[in-house]
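A structural walkthrough
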Amino acid sequence: MKPSHGESVVSRVVRIVETFGSETPALRVSDVARRAGLHVATASRLIDELSRHGWLERDDDRRVRIGVRLWELASRASPTLGLREAAMPFMEDLHAVVGHHTQLGVRQDREVLFVERLSSPGAVLNITRVAGRLPLHVSSSGLVLLAHAPAEVQEEVLAGPLKPQTEHTPATVTDPARLRRLLAGIRRDGYVVCPGFIDQETAGVAVPLRGPGEQVVAALSVIVPNDRHARTQVPALRAAARGVSRVMSSH
């Protein structure tokens, strides 16, 4: 079924679902319509149908949010499910040692998508969240994934623009020649330490996770205080990464 102007119903549904995010978990129908570029009547009709299937739901204020059924289907069929199951025991051990944030990221085009995170009260500031994304060049996880990405992806990122996450994080590498050297160092050393790349008070430390055939499939990272002890997390990260990679390669 296609509307008269040629856009499919599926395309409209995708645009509606993609209006929701971590900053906008609940929206009024008029806001959904505006964000999706749809007429309010069209958006309302599609929202009603999606709600009947449990993909969307309305709260007590009649605002619309992602439904439990859609979350259930996405979680059950997630391509990262096996990765998360293999990584979680080692992430829990690593988190107990580090005492701050421990997270798991995979590459999606030119961004890192965070698929799991462990935190604790009193941990340092961390802007990442599960299902959140960051440009590859601004975080430790992203840099590890970029260093092991296909050459064409690396060249696309190096071609820019390369910007820091915020104006308050000048430590982020935004010079292509320097970034190229950093990526070569990651491949050589097997880890990266990023002091002040996301926040001046924190440092990201990351290592690659390898699956069958030694292919890098994810990045394991910790976010810790930006001090002289940040680099000391590397051995624990490497040990955890070896454990995850061993489990993944055995399946």
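Higher on the page you've got the structure.
Here the structure is a predicted model, which means the values were calculated and not measured.

**Side note on the sheet that holds strand E4 (residues 101–108)**
- Strand order in the open sheet formed by six strands is E6-E5-E4-E9-E8-E7, with antiparallel pairing between adjacent strands. The sheet terminates laterally at strand E6 (133–135) and strand E7 (192–195), the two strands that pair on one side only. Between one strand and the next, the sheet's axes are offset by a mean angle of 30°, whatever the strand orientation.
- One ladder, built from seven bridges, connects E4 with strand E5 (residues 111–118); its direction is antiparallel. Counted as the bridge partner of Val-106 is Leu-113 from E5.

**Description of empty space enclosed by the protein**
- Applying the stated rule across the entire model yields one cavity of 30 Å³ or more.
- Ser-139, Ser-140, Ile-198, Gly-204 and Ile-223 are the residues nearest the centre of the largest cavity, which is lined by 16 residues in total.
- Looking at the lining of the largest cavity, the elements that each hand over two or more residues are helix H6 (140–147) and strand E8 (202–210).
- In terms of residue count, E8 provides more of the lining of the largest cavity than any other element does, three residues in total.
- Looking at the lining of the largest cavity, its residues break down into eight nonpolar, eight polar and no charged.

What counts and what doesn't
- Residues numbered from 1 in each chain as written.
- Predicted model: local features only at pLDDT ≥ 70, side-chain atom pairs only at ≥ 80, totals over all residues.
- Heavy atoms only, no water.
- Pairing = 2+ DSSP bridges.
- Helix = DSSP H or I, 4+ residues; strand = E, 2+ residues; numbered from the N terminus.
- Axes fitted to C-alpha atoms, helices over the stretch in contact; angles between N-to-C directions.
- 1 Å grid on protein atoms, 1.4 Å probe; cavity = no way out; pocket = protein on both sides within 12 Å on 5 of 7 lines; lining within 4 Å.
- Points joined across faces, edges and corners; volume = space filled by probe spheres on them.
- Nonpolar A, V, L, I, M, F, W, Y, C, P; charged D, E, K, R; others polar.

Read these as geometric descriptors, not functional statements.
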